[in-house]
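Single-letter residue listing:
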Amino acid sequence: MKVGILAYQGSFEEHALQTKLAIDKLHLNADVVPVKKPSELNVVDGIILPGGESTTIGIMAQKLGVLDTLKDKISSGLPVLGTCAGAIMLAKEVSDAKVGKKSQPLIGLMDTTIIRNYYGRQRESFETTLDFSTIGGSTAKVVFIRAPAITKTWGKAKELLSLGDNKVMVQEDNMLATTFHPELSSTTIVHEYFLSIIKK
Amino acid sequence: MRLYELTFNEIEEFFYKLSEFRDIIKDEGLLTFVPELERSVSGTKEGTARVKHAFPIFQKGGVVMDVTNVNQAQIAEDAGATAVMVLDKLPYDVRKSGGVARMADPKIIEDVMNSITIPVMAKVRIGHYYEAKILESLGVDMIDESEVLTPADEEHHINKWEFKVPFVNGARNLGEALRRINEGASMIRTKGEPGTGNVSEAIKHMKIMNSEIRNLLGMEEEDRVKKAREYQVPYQLVELVTKLQRLPIVNFAAGGIATPADAALMMWLGSDGIFVGSGIFKSQDPSERAKAVVLATANWEYPEIVLEAQKMITEEKSMMGIDIKTLKPEELLQVRGV
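Residues numbered from 1 in each chain as written. Chains lettered and ligands numbered in written order. Predicted model: local features only at pLDDT ≥ 70, side-chain atom pairs only at ≥ 80, totals over all residues. Heavy atoms only, no water.

Under an unreviewed UniProt entry, the name given to chain B is Pyridoxal 5'-phosphate synthase subunit PdxS, and the organism recorded is Acidianus brierleyi. Of the comments in the UniProt record for chain B, the one headed Catalytic activity (unreviewed entry) reads "aldehydo-D-ribose 5-phosphate + D-glyceraldehyde 3-phosphate + L-glutamine = pyridoxal 5'-phosphate + L-glutamate + phosphate + 3 H2O + H(+)". Regarding chain B, the UniProt comment filed under Subunit (unreviewed entry) reads as follows: "In the presence of PdxT, forms a dodecamer of heterodimers." (UniProt positions renumbered as here; feature names shortened; annotations may be inferred.)

Spelled out as structure tokens, the structure:
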């Protein structure tokens, strides 16, 4: 099994380390590989879209011809975990809390509405404790950094975790999105859960 | 893609332990300021060390561009910059105009904040607590305590643990970097010589930093204790760097980067990302050059992509540049704030 990480920009190294820990914990025979070119996408059984700047990651994926391949593969069932910027890339409807709608290259396959920078700027970024019992974990501390919020889901997208009025972890078949950063958390449960989707 | 020994969470646990050891360290006679860290036991908390150290991670592999107005900020965002740094004058112009260089006009910073979706950073003078307080009130995403501006305090840096907004600081070697981290910096900029379009000083300082980190590994423990005293930082911080074989926070390269090749070279030397200042907006092809530098930074491991990036620009339109050797010692900006 090979888990790819879209590695242009953002928390790709942190995701790689966290995925490795989850693989060890589950005693899986699996590798973590960086993905930057379309050909590198052909060998992976799942892909992680890390946190970072969604505009940068989108522009880069488009420029190198990864975006369209990625879109095709995900719509035909490739498991994907999108965190923060990654969750933005997956959503069908995206706008910014302050600036409103802006055009940016996206994947746009998930039945979700997401609002960028929902909680405010970095000054309003925060840490909090989430209860992961719905996916088989316990409580753990996570950070929300200039985080977006998933304000609406429809169709087959279902909420796995929420914080206040907003959904912070949503799954739609092979697609998993979080608005927090499991790669910076003390728990590997989100990565374990994602690995279990790949295994299916 | 690099893999490290410790996860972000483990590194953060270390910082919290460091604050618990504060009294013990003081008793050992190390003259260091160790933070009172805000720790959220339960519930939700803003501005913790964890939250401030996390922000720069989302800049990794990216390019932060110096801008002086909304128009330039828009060019930077469209090119794929991960953040902009607002200043009153680009370093090249600071150099030319002379006088006292201060933080940018809050009105311009605010206009930039309202026009783009990527993070907005701004510079304050070294030690200028109140310029920083103003920028925090304004809500900038990160504050750069920068030697490009005229230092306000010749002796001290700002105590950055007191702020909810994260700080980035410059450093030319491991000692400077660790002192800034100990003062609460969330990100390091390895200093070059800003406004020159000459990358040589950035290379020199990145190599010094790398070799000082590598050397720690071969040392006896007692020599690392000595190093900690020399650097004026807690021994535990030196131990953490030894274990990680890198700085415990994000480190970008800055100062003199003018081409995609310059950017890729700094990434190859181990930078987590790039700051570009005069190199973009003092060239004659800022928009294309900005795109090219972003492409080369994110794909530095692939020379063929860096080549493609280099072909997007032309050397004829690069900024003129200044040979460091022609600068008088008093004209160097990098030596400010050690």
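Colleague: Hey, could you run me through the overall build of chain A in this one?
Modeller: A tally of helices and strands in chain A yields 6 helices and 12 strands. When its C-alpha atoms are laid out on the principal axes, chain A stretches across 45 × 40 × 30 Å. A total of 200 residues make up chain A; the buried ones form 64% of that total. A fraction of 67% describes how many contacts in chain A between residues 6 or more apart in sequence connect residues 24 or more apart. Put simply, chain A shows about 6900 Å² of open surface, and 47% of that area lies on carbon and sulfur atoms. In chain A, 23 positive and 21 negative side-chain charges are present, and the distance between their average locations comes to 4 Å. (Helix = DSSP H or I, 4+ residues; strand = E, 2+ residues; numbered from the N terminus. Buried < 20%, exposed > 50% of the residue type's maximum accessible area, 1.4 Å probe, protein only. Contact = heavy atoms within 4.5 Å. Areas by Shrake-Rupley, 256 points an atom, 1.4 Å probe, with all protein chains shown as cover. Lys, Arg positive; Asp, Glu negative; His and termini not counted. Charge placed at Lys NZ, Arg CZ, Asp CG, Glu CD.)

Colleague: What is the right way to look at the packing of helix α9 (residues 200-217) of chain B against helix α11 (residues 235-244) of chain B in this model?
Modeller: Geometry of a packed helix pair, given as the angle between the helix axes and the separation of the axes. All names here are of chain B. Packing of α9 against α11 leaves a shortest axis separation of 8 Å and a crossing angle of 95°. Classified by the interaxial angle, the pair formed by α9 and α11 is roughly perpendicular. Each of Ile213, Leu216 and Leu217 in α9 lies in contact with α11, whose residues at this interface are Val238, Val241 and Thr242. For the contact of α9 with α11, a count of residues per class yields 5 nonpolar, 1 polar and no charged. (Axes fitted to C-alpha atoms, helices over the stretch in contact; angles between N-to-C directions. Parallel < 35°, antiparallel > 145°, perpendicular 65-115°, else oblique. Nonpolar A, V, L, I, M, F, W, Y, C, P; charged D, E, K, R; others polar.)

Colleague: Explain unusual backbone geometry to me, please; I cannot follow it from the model alone.
Modeller: It is generally the case that most residues other than glycine have a negative phi and that most peptide bonds are trans. Residue and element names in this part refer to chain A. Backbone geometry at Cys84 places phi at a positive 55°, although glycine is not the residue there. Note that Cys84 resides in the loop between β4 (80-83) and α5 (85-90). Residue Arg146 is not a glycine yet carries a positive backbone phi of 40°. Mapped onto the elements, Arg146 comes out in the loop between β8 (139-144) and β9 (149-153). The class for Arg146 is buried, based on a relative accessible area of 8%.

Colleague: Before we go on, may I ask you to explain helix α8 (residues 174-182) of chain B in this structure?
Modeller: Note that an α-helix has 3.6 residues per turn; residues three or four places apart therefore point the same way. Residue and element names in this part refer to chain B. Burial within α8 is extensive, with 9 of its 9 residues counted as buried. Buried within α8 we find Leu174, Gly175, Glu176, Ala177, Leu178, Arg179, Arg180, Ile181 and Asn182. Sitting at the amino-terminal end of α8 is Asn173, which places a side-chain oxygen 3.2 Å from the backbone nitrogen of Gly175. Remark: Gly184 follows α8 within two positions and exhibits a positive phi of approximately 110°. (Polar contact = N/O pair within 3.5 Å; in protein donor to acceptor, adjacent residues only side chain to side chain.)

Colleague: I would appreciate a short explanation of the UniProt feature "binding site: D-glyceraldehyde 3-phosphate" (unreviewed entry) in chain B in the present structure.
Modeller: All names here are of chain B. Those residues carrying the UniProt feature "binding site: D-glyceraldehyde 3-phosphate" (unreviewed entry) are Lys207 in this numbering. Of note, Lys207 is situated in helix α9. The partly exposed category is assigned to Lys207, whose relative accessible area is 48%.

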